[in-house]
Amino acid sequence: MFGQSLGSCILGVEGLLNIVPDVYIDTMGYSFTFPIYKYLGSCKVGSYVHYPTISTDMLDKVKEIINAGKLSGEKNIIRKTLYKIPPIRKFKLYYYNFFAFIYGLMGSCCEMIIVNSNWTKNHINHLWVGKKSTKQIHVIFPPCNTRELCDLPLLDKRENIIISIAQFRPEKDHALQIKSLAHLKERYYNEFNEHHNIKLVLIGSCRNEGDENRISNLRNLAEQLGLKEDVDFEFAVNVSYDKLKSYLERAHIGLHTMWCEHFGIGVVELLAAGVITIAHNSGGPKTDIVVPYNDNKTGFLASTVEEYSNQLYDILKYEIDDDFISDIRINARKSVNRFSEESFYDQFLEVIDEFIKEN
């Protein structure tokens, strides 16, 4: 983290040598450049924060791993061995805490703060601002272009397809989705077996060999849990946008399983398409997206295999109650207006205009 941050300082100095602006607004997460522009360039400094470089959740996770004395699921033998040495574990905790302290000092140089979700706001408030500060943090949701998705048929009969839309990266936790489907079929076998044609479709982009290996591991996991490819699950890799819309139009349920995602544009897209959504009970989906809208439900939240499989069961069980499902679909689609491009432009320009006019 320090290496990347110091690299941004070099980039910041290079930019300052080329031009000294009156106002500097960072949208890339280069917080270590703030004091450079504030004190060397005498600029007004602002920032639109998508994701904090370090968060209190991350610190808690590191403490949890260190207290456990091992890296759960880690395959690298050297790293696993190192984590068994107490001084090395303590050093990592000190390193993260020291970085969080420095990160807070850098953030204190920022005079205008915009964040993309209330989850991000809570962390930036803790790390950059503090309880005694009067500095305001503006929450402006990122622009989500959902026009085409909102045009998809909303109340047509859907197939028993469960979809997931996410790059095949470790933090997306596709394994949790596969385990949840296996648990659903095992626990409610008499109601949900192969004759009900419930299928999980994992849609995502594959960037490199590492992603390909992850997909292979997910296939192996599914087979170990007794799921059959092309019957219980399938992978839709690097599909076209038209193919993606086809899945969104047909799917009954959408899954999101990333822990502490800062916002969750993919979740917004599921709601816009009228897909009944089960998102991870953390981060932006919890604080801003899958929340009541006009006092009505927009989706569901879960965090464990049991919670996901129970939510899946409840939703599929409610299929007999078309009004219940329809009300969620209608309300979910209405709720995405909060995340429109127009809403973002209006709010962003209003805050920037006020910031520039100050002093």
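Novice: Help me out: how do you make sense of the pairing of strand β6 (residues 199-204) in this one?
Specialist: Two faces, one strand: in a regular strand the side chains alternate between the faces of the sheet. For β6, the tally of buried residues reaches six of six residues, placing the bulk of the element in the interior. Every second residue of β6 is oriented toward a common face, with K199, V201 and I203 on one face and L200, L202 and G204 on the other, all of them buried. Judged from the five bridges that link them, strand β5 (residues 161-165) and β6 form a sheet pairing that is parallel. Pairing of I163 across the sheet is with V201, part of β6. Once the chain exits β6 it traverses helix α9 (residues 209-224) before rejoining the sheet at strand β7 (residues 233-237), and the crossover so formed is right-handed.

Novice: Just checking my understanding: could you explain the sheet that holds strand β2 (residues 44-49) for this structure?
Specialist: Think of a sheet as strands paired side by side through backbone hydrogen bonds, with each pair either parallel or antiparallel. Strand order in the open sheet made by the four strands is β1-β2-β3-β4, with parallel pairing throughout. Each having just a single partner strand, β1 (23-26) and β4 (137-139) make up the two edges of the open sheet. When strand polarity is set aside, the average angle formed by the axes of neighbouring strands in this sheet is 20°. The pairing of strand β3 (residues 112-115) with β4 spans three bridges and is classified as parallel.

Novice: Just to check I follow, could you spell out the sheet that holds β5 for this structure?
Specialist: Pairing in this open sheet of six strands is parallel, and the strands run β7-β6-β5-β8-β9-β10 from one edge to the other. Looking at strand neighbours, the two that pair on one side only are β7 and β10 (300-302), the edges of this open sheet. Strand-to-strand twist of the sheet, defined as the mean angle between neighbouring strand axes without regard to direction, takes the value 25°. Lying on the sheet, helix α10 (residues 241-250) is in contact with β5, β6 and β7; it crosses β5 at an angle near 135°. On top of the sheet, helix α13 (residues 305-317) reaches β5, β8 (253-255), β9 (276-280) and β10; it is set at about 170° to β9, its chief contact.

Novice: I would appreciate a short explanation of helix α11 (residues 265-272) in the present structure.
Specialist: When α11 is considered as a whole, its buried residues turn out to be V267, V268, L270, L271 and A272. Backbone geometry just after α11 places G274 at a positive phi near 80°.

Novice: Please explain the environment of Y37 as it appears in this structure.
Specialist: Tracing the backbone through its elements, the reader meets Y37 in helix α2 (residues 34-40). Note: C-alpha distance between Y37 and P21 (16 residues apart in sequence) is 8.6 Å. Among all residues touching Y37, those that are not within four sequence positions of it are G12, G15, L16, P21, Y24, S42, C43 and V45. There is a polar contact of 3.4 Å between the side chain of Y37 and the backbone nitrogen of L16.

Novice: Any chance you could explain the packing of helix α8 (residues 174-187) against α13 here in plain terms?
Specialist: Packed helices, taken two at a time, are described by the angle between their axes plus the distance between the axes. Put simply, α8 and α13 touch, their axes get as near as 8 Å, and they point 60° apart. Considered as vectors, α8 and α13 are oriented oblique to each other. Considering how the two elements wind past one another, α8 and α13 form a crossing that is right-handed. Two secondary-structure elements touch here, α8 through L176, K179, S180, H183, L184 and R187 and α13 through V305, E306, Y308, S309, N310, L312, Y313 and L316. Considered class by class, the residues forming the contact of α8 with α13 number seven nonpolar, four polar and three charged.

Novice: Can you walk me through the layout of surface pockets in this structure?
Specialist: If you roll a probe as big as a water molecule over the atoms, it shows you where there is empty space left. Quantified by volume, the second largest pocket comes out at close to 560 Å³. Lining the second largest pocket are 32 residues, with I165, A166, Q167, K172 and G266 sitting closest to its centre. Breaking the lining of the second largest pocket down by element, the ones donating at least two residues are β5, β6, α10 and α11. Looking at the lining of the second largest pocket, the element that brings in the most residues is α11, giving five residues. Of the residues belonging to the lining of the second largest pocket, the class tally is 15 nonpolar, twelve polar and five charged.

Novice: Got a minute to help me understand the pattern of salt bridges in this structure?
Specialist: Close approach of charged atoms lets side chains of opposite charge pair. Overall, the coordinates contain twelve salt bridges when judged by the stated rule. Residue R147 is joined to E341 by a salt bridge in which the shortest nitrogen-to-oxygen separation is 3.2 Å. Here R147, found in helix α7 (residues 147-150), pairs with E341, found in helix α15 (residues 341-357); they are 194 residues apart in sequence, far enough to count as distant. R250 is the partner of E159 in a salt bridge, and the nearest nitrogen-oxygen pair spans 3.2 Å.

Novice: Would you mind showing me how to read a nonpolar patch on the surface here?
Specialist: Residues F98, F101 and L105 make up a contiguous nonpolar surface patch of roughly 320 Å² in combined accessible area. Positionally, F98 belongs in helix α5 (residues 86-107).

Novice: What should I look at first to understand the side chain of E261 in this one?
Specialist: Structurally, E261 is set in the loop between β8 and α11. Classification of E261 as buried rests on a relative accessible area of 11%. Residues within four places of E261 in sequence aside, it is in contact with K172, H256, G283, G284 and P285.

Novice: I keep staring at α15 and nothing clicks. Help me out?
Specialist: Three- or four-residue spacings in an α-helix give side chains the same orientation, since the helix completes a turn every 3.6 residues. In a regular helix each residue adds 1.5 Å, so 17 residues correspond to 24 Å; α15 covers 24 Å between its end C-alpha atoms and thus fits that length. Within the sequence span of α15, burial applies to E341, S343, F344, F348, V351, I352 and F355. In a view along the axis of α15, the buried residues occupy a sector of 155°, so they form one face of it. In this structure, α15 carries D346, L349, E350 and K357 as exposed residues pointing more than 90 degrees from its buried face. Lining the buried residues of α15 we find β1, β2, β3, β4 and α7.

Rules used in this analysis
- The residue numbers shown here count from 1 along each chain, following its written sequence.
- Under the rules for a predicted model, residues below a pLDDT of 70 receive no local features and side-chain atom pairs below 80 are neither given nor counted, while totals for whole chains, interfaces and linings still include all residues.
- The side-chain values count all of the structure's non-hydrogen atoms but skip hydrogen atoms and water molecules.
- Relative accessibility decides the category of a residue: with a 1.4 Å probe and only protein chains considered, values under 20% of the type maximum give buried, values over 50% give exposed, and everything between is partly exposed.
- Helix numbers and strand numbers start at the N terminus; a helix is a DSSP run of H or I with at least 4 residues, a strand a run of E with at least 2.
- Paired strands, as defined in this entry, are two strands with at least two bridges between them according to DSSP.
- Look down the strands so they point away from you; if the path from the first strand over the helix to the second goes clockwise, the crossover is right-handed.
- All axes are obtained by fitting lines to C-alpha atoms, using only the stretch in contact for helices, and the reported angles, taken between N-to-C directions, cover 0 to 180 degrees.
- For this analysis, residues touch if any pair of their heavy atoms sits within 4.5 Å.
- We define a polar contact as two N or O atoms separated by no more than 3.5 Å, with the added condition that, inside protein, one atom must be a possible hydrogen donor and the other a possible acceptor, whereas residues neighbouring each other in sequence contribute only through side-chain atom pairs.
- Note on terminology: angles under 35 degrees are roughly parallel, angles over 145 are roughly antiparallel, angles of 65 to 115 are roughly perpendicular, and the others are oblique.
- The handedness criterion is simple: a crossing whose near helix is rotated anticlockwise from the far helix by less than a right angle is left-handed, and one whose near helix is rotated clockwise is right-handed.
- In this count, Pro and Cys sit with the nonpolar residues alongside Ala, Val, Leu, Ile, Met, Phe, Trp and Tyr, while Asp, Glu, Lys and Arg are called charged and the others, Gly among them, polar.
- A cavity, in this analysis, means grid points on a 1 Å lattice covering only the protein atoms where a 1.4 Å probe fits yet has no way out; a pocket is instead an open set bounded by protein on both sides within 12 Å along at least five of seven lines, and a residue lines either one if it has an atom within 4 Å of a point.
- Grid points are joined across faces, edges and corners, and a volume is the space filled by probe spheres set on the points.
- By salt bridge we mean one thing: a side-chain nitrogen of Lys or Arg within 4 Å of a carboxyl oxygen of Asp or Glu.
- Each patch groups residues whose relative accessible area exceeds 30% and which form no salt bridge, using 9 Å between like charges and 5 Å between nonpolar side chains of Val, Leu, Ile, Met, Phe, Trp and Tyr.
- Surface accessibility follows the Shrake-Rupley procedure with a 1.4 Å probe radius. Residue values consider only the protein chains on display as shielding.
- An expected span of 1.5 Å times one less than the residue number is assigned to each helix.
- Here, the arc refers to the directions that run from the helix axis to the C-beta atoms.

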